[in-house]
Amino acid sequence: LLLLLCPFLKRDNHPAYDAGNVSDDSNTSFITDVSKPDLYIPLMGYVTYVLLYGLTRGTVGEFDPEILGATASFAGILLFLEVLGAKLGFYISGASNISFLDLTCYGGYKYVALSLQVMLGLLTGGG
């Protein structure tokens, strides 16, 4: 999480390579590649953002359980459209070998920053 918030702190740009665990694939086997995208942090950021937004609405007395579903749906649709636009942009530029899930991972990282902003707004009373 610290690497996501402060990427300039990363010093080692070369992932560790496990020579004993080489598969028949053309991909090499890496033990620790912190730059490789996964969906854990974006998914947790997404869920945290939706819950914090519901909490924000509750602190001003406007909470309704439907807000959680509407927020999750709206944020999910926007993420899908953003990833679709990025995929189209990469296709037009000739780099069409980028995976849809990789783009979803990179696009979903914004929910970590959004969650921190909503949490800061709750703590400072700027709801």
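Fair warning: this is a prediction, and the values are worked out from it, not measured in the lab.

What counts, and at which threshold
- Residues numbered from 1 in each chain as written.
- Predicted model: local features only at pLDDT ≥ 70, side-chain atom pairs only at ≥ 80, totals over all residues.
- Heavy atoms only, no water.
- Helix = DSSP H or I, 4+ residues; strand = E, 2+ residues; numbered from the N terminus.
- Buried < 20%, exposed > 50% of the residue type's maximum accessible area, 1.4 Å probe, protein only.
- Areas by Shrake-Rupley, 256 points an atom, 1.4 Å probe, with all protein chains shown as cover.
- Polar contact = N/O pair within 3.5 Å; in protein donor to acceptor, adjacent residues only side chain to side chain.
- pLDDT = per-residue confidence, 0-100.
- Phe/Tyr/Trp six-rings, centres within 6.5 Å; stacked < 30°, edge-to-face > 60°.
- Axes fitted to C-alpha atoms, helices over the stretch in contact; angles between N-to-C directions.
- Parallel < 35°, antiparallel > 145°, perpendicular 65-115°, else oblique.
- Left-handed = near helix turned anticlockwise from the far one by under 90°.
- Contact = heavy atoms within 4.5 Å.
- Nonpolar A, V, L, I, M, F, W, Y, C, P; charged D, E, K, R; others polar.
- Salt bridge = Lys/Arg side-chain N within 4 Å of Asp/Glu carboxyl O.
- Expected span 1.5 Å × (residues − 1).

**Student:** Teacher, can you tell me more about the overall build of the chain here?
**Tutor:** Counting secondary structure elements, the chain contains five helices and zero strands. Starting at the N terminus, the α and β elements of the chain follow one another as α-α-α-α-α. The proportion of buried residues among the 127 residues of the chain is 20%. For the chain, the exposed surface amounts to about 9,000 Å²; the carbon and sulfur share of it is 64%.

**Student:** Looking at this model, I keep getting lost on helix α4 (residues 100-108). Mind explaining?
**Tutor:** A turn of α-helix holds 3.6 residues, and therefore any two residues three or four places apart point the same way. Along α4, the residues classified as buried are Leu103, Thr104, Cys105, Gly107 and Gly108. If you check the start of α4, you find a side-chain oxygen 3.1 Å away from the backbone N of Leu101, and it comes from Ser99.

**Student:** I tried to follow the confidence of the model for the chain on my own but got confused; where do I start?
**Tutor:** Should the pLDDT be low somewhere, the predicted coordinates at that spot are not to be read in detail. Taken as a whole, the chain shows an average pLDDT of 83; of its residues, 73% reach a score of 70 or greater. Taking the mean pLDDT of every element in the chain, the minimum, 68, falls on helix α1 (residues 2-5) and the maximum, 96, on helix α3 (residues 65-93).

**Student:** What should I look at first to understand the packing of aromatic side chains in this one?
**Tutor:** We describe a pair of aromatic rings using the distance from one ring centre to the other and the angle between the two ring planes. The tally for this structure, following the rule as stated, stands at five aromatic pairs. Taking 5.3 Å as the distance between ring centres and 80° as the angle between the ring planes, the aromatic pair formed by Tyr46 and Tyr111 counts as edge-to-face. Taken together, the positions of Tyr46 in helix α2 (residues 40-59) and Tyr111 in helix α5 (residues 110-124) put the pair 65 residues apart, joining distant regions of the chain. For Tyr111, a relative accessible area of 3% gives the class buried.

**Student:** I would appreciate a short explanation of the packing of α2 against α3 in the present structure.
**Tutor:** Relative placement of two packed helices is described by the angle separating their axes and the distance separating the axes. Axis separation between α2 and α3 bottoms out at 9 Å; the angle between their running directions is 140°. Relative to α3, α2 is oriented oblique. In this structure, the crossing between α2 and α3 has a hand that is right-handed. Between α2 and α3, the contacting residues are Tyr46, Tyr49, Val50, Tyr53, Gly54 and Arg57 on the first element and Ile67, Leu68, Thr71, Ala72, Ser73, Ala75 and Gly76 on the second. Among the residues making up the contact of α2 with α3, the classes are represented as eight nonpolar, four polar and one charged.

**Student:** Explain the pattern of salt bridges to me, please; I cannot follow it from the model alone.
**Tutor:** Under the defined criterion, the tally for this structure stands at two salt bridges. Where Glu62 meets Arg57, a salt bridge forms, and the shortest distance between an N and an O atom there is 2.5 Å. When its relative accessible area of 41% is taken as the criterion, Glu62 is described as partly exposed. The exposure class of Arg57 is partly exposed, given its relative accessible area of 26%. The residue Lys110 makes a salt bridge to Glu82 at a minimum N-O spacing of 2.5 Å. In this pair, Lys110 sits in helix α5 while Glu82 sits in helix α3, placing the two residues 28 residues apart along the sequence.

**Student:** What am I meant to see in α3 here?
**Tutor:** For α3, which comprises 29 residues, the first-to-last C-alpha distance of 43 Å matches the rise-based estimate of 42 Å (1.5 Å per residue) to within 8%. Those residues of α3 that fall on the buried side of the exposure criterion are Ile67, Thr71, Ala75, Leu79 and Val83. Downstream of α3 by a residue or two, Gly94 has a phi angle that is positive, lying close to 95°.

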